[in-house]
Amino acid sequence: MESEQWNHDKLSGEIEAMCRSKAEEFRLLGYEYVTGKDIWDCISRNYAKDGTPPLHKLVNDIYSLKINSYMNYLTIAAYRGLN
């Protein structure tokens, strides 16, 4: 089956809105300083090697991100000096 092709520029607004929505969810759980950009940075680190995935996988990765995975990302980024 051919992978789903999508225009990054066309959908970037929607992807940004999904990341902001996830950041808002984390803020409701008490993590006040999470932004949409932070969510995107966490999610997109997995795409550096293989490139951007099909749209359905990208959406799933954003909405299924757990706070533990995000906190692990922040901890590793702090050790590496990425933040």
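What this report covers is the structure whose coordinates are included nearby. As the structure is a prediction and not an experimental result, all values here were calculated from the model.

A tally of helices and strands in the protein yields four helices and zero strands. Overall, the protein shows an N-to-C arrangement of helices and strands of α-α-α-α. Out of the 83 residues in the protein, the part that is buried amounts to 29%. For the protein, the share of sequence-separated contacts (at least 6 apart) that also reach a separation of at least 24 residues comes to 58%. Surface exposure of the protein reaches about 6,100 Å², of which carbon and sulfur atoms provide 51%.

Our focus in this paragraph is the packing of aromatic side chains. Across all of its chains, the model carries three aromatic pairs by this definition. A ring pair is formed by Trp-40 and Tyr-47, whose centres lie 6.5 Å apart and whose planes are at 55°; its orientation type is tilted. Relative to Tyr-73, the ring of Tyr-70 lies with its centre 6.4 Å away and its plane at 35°, an arrangement referred to as tilted. Placement of the pair is Tyr-70 and Tyr-73 together in helix 4 (residues 67-80), with a separation of three residues, close to one helical turn. Accessibility expressed as a relative area gives 3% for Tyr-70, which makes it buried. Among the aromatic residues, those joined into a cluster by ring pairs are Phe-26, Tyr-70 and Tyr-73.

Attention shifts here to helix 3 (residues 55-63). All of the buried residues along helix 3 are Leu-55, Leu-58, Asp-61 and Ile-62. Burial along helix 3 is one-sided: seen end-on, the buried residues are contained in an arc of 125°.

Before going further, it helps to examine the packing of helix 2 (residues 36-44) against helix 4. It is at 10 Å that the axes of helix 2 and helix 4 come closest, and there the two elements cross at 85°. Our classification of the angle between helix 2 and helix 4 gives roughly perpendicular. Here helix 2 contributes Asp-38, Ile-39, Asp-41 and Cys-42 to the contact with helix 4, which in turn contributes Ser-69, Tyr-70 and Tyr-73. Residues that form the contact of helix 2 with helix 4 fall into these classes: four nonpolar, one polar and two charged.

At 3.6 residues per turn, the α-helix brings residues three or four places apart onto the same side. For helix 4, built from 14 residues, the straight-helix expectation of 20 Å at 1.5 Å per residue is met to within 8% by its first-to-last C-alpha distance of 20 Å. When helix 4 is considered as a whole, its buried residues turn out to be Ile-67, Tyr-70, Tyr-73 and Ala-77. Summarising the axial view, the buried residues of helix 4 lie within an arc of 120°, below the 170-degree limit, and thus occupy one face. Those residues of helix 4 that are exposed and angled more than 90 degrees off the buried face are Asn-68 and Tyr-79.

Definitions and limits used
Residues numbered from 1 in each chain as written. Predicted model: local features only at pLDDT ≥ 70, side-chain atom pairs only at ≥ 80, totals over all residues. Heavy atoms only, no water. Helix = DSSP H or I, 4+ residues; strand = E, 2+ residues; numbered from the N terminus. Buried < 20%, exposed > 50% of the residue type's maximum accessible area, 1.4 Å probe, protein only. Contact = heavy atoms within 4.5 Å. Areas by Shrake-Rupley, 256 points an atom, 1.4 Å probe, with all protein chains shown as cover. Phe/Tyr/Trp six-rings, centres within 6.5 Å; stacked < 30°, edge-to-face > 60°. Arc of directions from axis to C-beta. Axes fitted to C-alpha atoms, helices over the stretch in contact; angles between N-to-C directions. Parallel < 35°, antiparallel > 145°, perpendicular 65-115°, else oblique. Nonpolar A, V, L, I, M, F, W, Y, C, P; charged D, E, K, R; others polar. Expected span 1.5 Å × (residues − 1).

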